[in-house]
Amino acid sequence: MEYFERFAIPHPSPAIYASMVAIGLTVIAIIVGLTYFKKWGYLWHEWLTTVDHKRIGIMYLISALLMLFRGGADAIMMRAQMAVPDNTLLDAQHYNEIFTTHGTVMIIFMAMPFIMAFMNYIVPLQIGARDVAFPRLNALSFWLFFMGAMLLNISFVIGGSPDAGWTNYFPLANNEFSQSVGTNYYLFALQISGLGTLITGINMIVTILKMRAPGMTLMKMPMFTWSSLVANVIIVFAFPVLTVALTMGTFDRLFATNFFTTSDGGMDMLWANFFWVWGHPEVYILILPAFGIYSEIISTFSGRNLYGYKSMVGSMVIISFLSFLVWTHHFFTMGQGALTNSIFSITTMAIAVPTGVKIFNWLFTLWKGKIVFTTPMLYSMLFIPTFTIGGVTGVMLGMSAADYQYHNTMFLVAHFHMVIIPGVVFAMLAGLHYYWPKMFGFMLNEKIGKWTAWIIAMSTLLAFMPMFFSGLDGQARRMYTYSASTGFGLWNMLSFIGAIGLTIGFILIVYNVIYSIRYSPRNVGSDPWDARTLEWATPSPVPYYNFAKVPHVISTEALWDAKYRQHDLFPEPYEKIHMPNNSGVPFILGCIFFAWGFSFVFGMWIPTILTTIGIFICMAHRSLEKDPGHYVPVEKVKATESKLRGSQL
Amino acid sequence: MKIDQSLPLEYSTQQNQLNILGFWVFIGAEIMLFGTLFAGYFVLVDRTGNGPTGADIFEITPVLFETFILLTSSFTIGLGIHAMRKGYTKAMIGFYILTLVLGIVFIGFEVYEFMHYIHVGAGLQTSAFTAALLTTLGTHGAHVTFGVFWGMFIVYQLIQRGLTPETANKSFIFSLYWHFLDVVWIFIFSFIYLKGMV
Ligand code: HEM
Ligand SMILES: [Cu+2]
């Protein structure tokens with residue numbers, strides 16, 4: 001390809017120019033706005049340089065919501081294209097690019113930051129800590145994730161989107177079949193954000209193991225913290241595999257090596273194996289914290305502690321182990337022999353057992369509970385049946401012999417959306433409503449919230465149930481059009497209507513946020529839901545030091561004991577508090593990584609070398625720097641507490 | 001920062017303990033990284049296309065030197081930590097510098113080795129086998145190179161700031177890293193070179 005052709009300028013599609021203009025205008029609007037309202041200093045001091053785990057959590061949250069809309073826009077375009085037979089809204093190449101970005105954005109840049117948002121915000125509060133173990137690294141993790149996301153998102157205006165599917169199978173992803181730089185973007189976006197995720201994994205494990213409040217033994221940790229711990233252990237074991245695979249893929253594309261080629265000894269199946277050794281555990285990295293959130297919510301709104309705490313923990317540990325043993329179910333039909341298929345079929349179906357244990361534990365918790373139907377609880381209730389549909393069809397897919405019938409059909413697309421939307425997206429929305437008052441000090445509107453929950457749940461069913469049928473009828477996935485004689489038309493039209501419903505639901509969430517900012521009563525107090533765990537013992541919004549005094553814990557439900565069993569949660573006197581200093585380096589390093597990735601994508605070697613040096617300079621700076629942090633004096637802590645808690649103290 | 005005098009210097013503050021545990025977890029991730037590289041190597045080891053095989057290109061002499069040097073450097077850094085525990089800062093710095101010098105010599109041999117491979121027609125692009133070989137060795141080599149720079153910054157700080165809980169902690173973590181690279185090398189030596197030569 002000619003050098004300048006790689007940048008796809010001039011571009012054949014006017015839509016791209018429109019997008020460029022739109023992006024340009026947005027950037028200008030933001031810059032002008034910040035300057036006009038004199039908010040640059042605020043932005044820099046309070047957000048870009050922050051090392052506070054709560055602020056980092058909120059930045060993850062905002063990014064995740066933005067990416068939900070980016071991925072959603074892709075989804076609605078796909079569904080619109082498929083709504084009627086022989087549609088010409090999108091062409092085949094464009095469709096390829098859209099399903100690739102949709103999948104990548106949704107999994108890596110929507111679902112991941114969503115769980116990271118909750119992990120960051122909640123875990124230190126639940127264990128009674130003042131921050132994570134490595135606050136600086138935590139900020140770096142966020143900026144690496146964010147810059148990776150931005151890198152993928154500019155691909156469609158500069159150079160072209162990746163088009164080999166979110167699984168990026170070689171040799172399809174090789175230069176020969178994916179000629180634009182799109183796949184390079186994919187490789188670097190995932191590499192950079194994956195690095196951030198790995199760092200979070202290390203950070204969270206150390207935080208949870210070492211920074212728990214006095215009295216909180218491992219078996220007294222709240223369920224969300226447990227699920228985060230398990231998920232982060234999976235991260236530490238799974239993400240290096242992705243790192244290696246992406247590096248090899250990058251070498252193949254940029255340096256003409258032969259890892260995944262079909263000549264000179266290369267082996268395309270090696271990519272598939274590496275990808276899914278990471279990819280399958282990745283699904284559990286998402287789902288386990290989601291389960292953790294459901295556990296918190298269900299126990300709070302059933303008014304009793306979680307049924308079967310130990311079996312909940314045990315099943316998570318078993319799931320995390322099994323998740324590494326099932327990866328080849330993603331290529332049952334790619335010629336690996338009956339014995340291999342049988343073994344992986346069995347391990348795959350075995351995961352249903354611990355998952356079932358969890359579902360029954362939630363049901364038993366509800367069974368004897370006094371249920372309060374709030375919005376978060378409603379999402380949790382809607383989750384159980386819908387997720388079960390997804391789970392059962394997963395077992396169907398896990399039977400390798402049967403899989404020959406429906407692999408790579410819409411049946412699969414239906415299955416994983418029925419798992420991932422109720423499993424992860426509902427959980428995140430439930431968590432959003434549940435933790436909103438803790439984060440911002442006011443509630444989201446319950447009435448709009450409940451409407452939204454119903455609309456989203458029903459639309460999910462409408463959007464994805466038809467795909468089971470068209471899939472069994474033979475509608476292949478990733479197919480950009482079909483003829484009327486196939487009879488898929490009706491099913492796809494129903495799906496399209498469901499997708500519109502989902503869009504409405506997601507817009508209603510934004511509406512709810514805006515509405516509640518304006519009309520919700522403030523000062524809901526520290527514990528608006530009558531909850532049970534430690535995060536609700538801090539004032540809302542939470543002061544930067546989290547806990548004025550170190551809490552002492554005697555059970556899994558520290559706050560409940562304090563409220564109703566006269567346990568003294570804060571026996572210690574006030575002391576000065578040590579806090580880390582803000583730093584601009586993580587943000588700057590993130591920006592350099594962005595430039596580094598961008599230079600690599602286009603094979604611009606001089607900037608690549610310069611940015612690499614920049615990265616090392618930042619690390620050297622960190623090595624030499626002395627950063628003792630600072631102390632918050634007792635008087636200031638006292639003043640802040642009495643201001644935030646008011647009469648409650 | 002509270003300093004607990006009853007513990008060795010590198011463990012004496014809470015942040016130090018966190019750092020050390022964090023580094024162990026990081027080593028867990030590194031084990032997965034190298035494990036994946038090894039897995040890739042073993043899948044591709046016989047897929048040589050039209051290129052040479054391992055038996056064709058491996059040379060025992062530089063590999064033996066590399067092994068000897070790296071094992072020695074692991075020993076010298078161990079002595080460095082021993083000196084640190086006894087509070088002999090000067091001796092410690094000496095051992096650290098010695099370790100880094102050995103690291104540099106190691107890299108020198110490895111550069112020679114790579115030039116040899118390219119010379120005999122086993123470049124990065126020759127076959128899947130050579131790509132896997134050079135990537136696996138290269139990743140280890142890059143780690144050593146990175147380690148040499150990192151170590152230089154630590155030695156500089158030891159000279160400037162003396163032995164404090166902070167520098168002791170950094171030095172200790174660096175020694176863990178260095179030992180880890182040695183362990184990886186033993187695997188490379190046994191399963192790539194020795195196995196490839198017979
Ligand atoms: C908002 C409603 C959503 C709709 C209407 C939707 C629609 C679709 C459609 C039609 C496809 C199939 C593309 C094809 O094979 O031709 C697809 C693929 C996919 N979706 Fe979604 N989706 C939605 C939400 C999500 C969410 C929330 C996630 C993940 C968290 C997700 C992850 C994926 C993935 C990983 C693929 C596979 C992409 C590929 O084939 O490479 N989707 N989606
Ligand atoms: Cu799987």
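For the structure itself, consult the block above.
First things first, this report covers the structure right here in the doc.

Side note on the site of ligand 1
Residues and elements named next belong to chain A. Near ligand 1, the surroundings consist of 24 residues, among which Y95, H102, F416, H417 and R478 are the closest. Contact between ligand 1 and Y95: an oxygen atom at 2.8 Å from a side-chain N or O atom of the residue. A distance of 2.6 Å separates an oxygen atom of ligand 1 from a polar atom in the side chain of R478. Among the elements of the structure, α3 (53-82), α4 (92-126), α14 (410-440) and α16 (489-519) are those that each provide at least two residues to the shell around ligand 1.

Observations regarding the side chain of A:T50
Inspection of the secondary structure assignment puts A:T50 in the loop between α2 (40-48) and α3. Within the structure, the side chain of A:T50 is placed 3.1 Å from the backbone nitrogen of A:D52, a separation counted as a polar contact.

Observations regarding the packing of aromatic side chains
All names here are of chain A. Applying the stated criterion to the full structure yields 85 aromatic pairs over all chains. Between Y511 and Y515, the aromatic rings sit 5.9 Å apart at their centres with planes inclined by 40 degrees, giving tilted as the arrangement. Here the residue Y511 and the residue Y515 both occupy positions in helix α16, the gap between them amounting to 4 residues, near one helical turn. Under the relative-accessibility criterion, Y511 is labelled partly exposed at 44%. With a relative accessible area of 28%, Y515 lands in the partly exposed category. Through pairs of rings, three or more aromatic residues link up here, namely W166, F170, F239, F259, F260, W271, F275, W276 and W278. Here the basic side chain of K549 rests over the ring of Y574, its NZ or CZ set 4.8 Å away from the ring centre. Between K576 and the ring centre of Y631, over which it is positioned, the NZ or CZ distance is 4.4 Å.

Brief notes about the interface of chain A and chain B
Between chain A and chain B, the contact holds 37 residues from the first and 36 residues from the second. Carbon and sulfur atoms make up 72% of the surface buried where chain A meets chain B, a total of about 3100 Å² over both sides. The tally of links from chain A across to chain B stands at 0 salt bridges. Put simply, chain A and chain B have 9 residue pairs in polar contact (both at pLDDT 80 or more) between them. When contributions to the side of chain A that touches chain B are tallied by element, the ones reaching two or more residues are α6 (182-210), α7 (223-255), α8 (268-302) and α19 (605-624) of chain A. Looking at the side of chain A that touches chain B element by element, the count peaks at 9 residues for α7(A). Counted by class, the side of chain A that touches chain B contains 26 nonpolar, 7 polar and 4 charged residues.

Conventions adopted
- Residues numbered from 1 in each chain as written.
- Chains lettered and ligands numbered in written order.
- Predicted model: local features only at pLDDT ≥ 70, side-chain atom pairs only at ≥ 80, totals over all residues.
- Heavy atoms only, no water.
- Near = heavy atom within 4 Å.
- Polar contact = N/O pair within 3.5 Å; in protein donor to acceptor, adjacent residues only side chain to side chain.
- Helix = DSSP H or I, 4+ residues; strand = E, 2+ residues; numbered from the N terminus.
- Phe/Tyr/Trp six-rings, centres within 6.5 Å; stacked < 30°, edge-to-face > 60°.
- Buried < 20%, exposed > 50% of the residue type's maximum accessible area, 1.4 Å probe, protein only.
- Lys NZ or Arg CZ within 6 Å of the ring centre and 35° of its normal.
- Contact = heavy atoms within 4.5 Å.
- Buried area = accessible area lost by both parts, 1.4 Å probe.
- Salt bridge = Lys/Arg side-chain N within 4 Å of Asp/Glu carboxyl O.
- Nonpolar A, V, L, I, M, F, W, Y, C, P; charged D, E, K, R; others polar.

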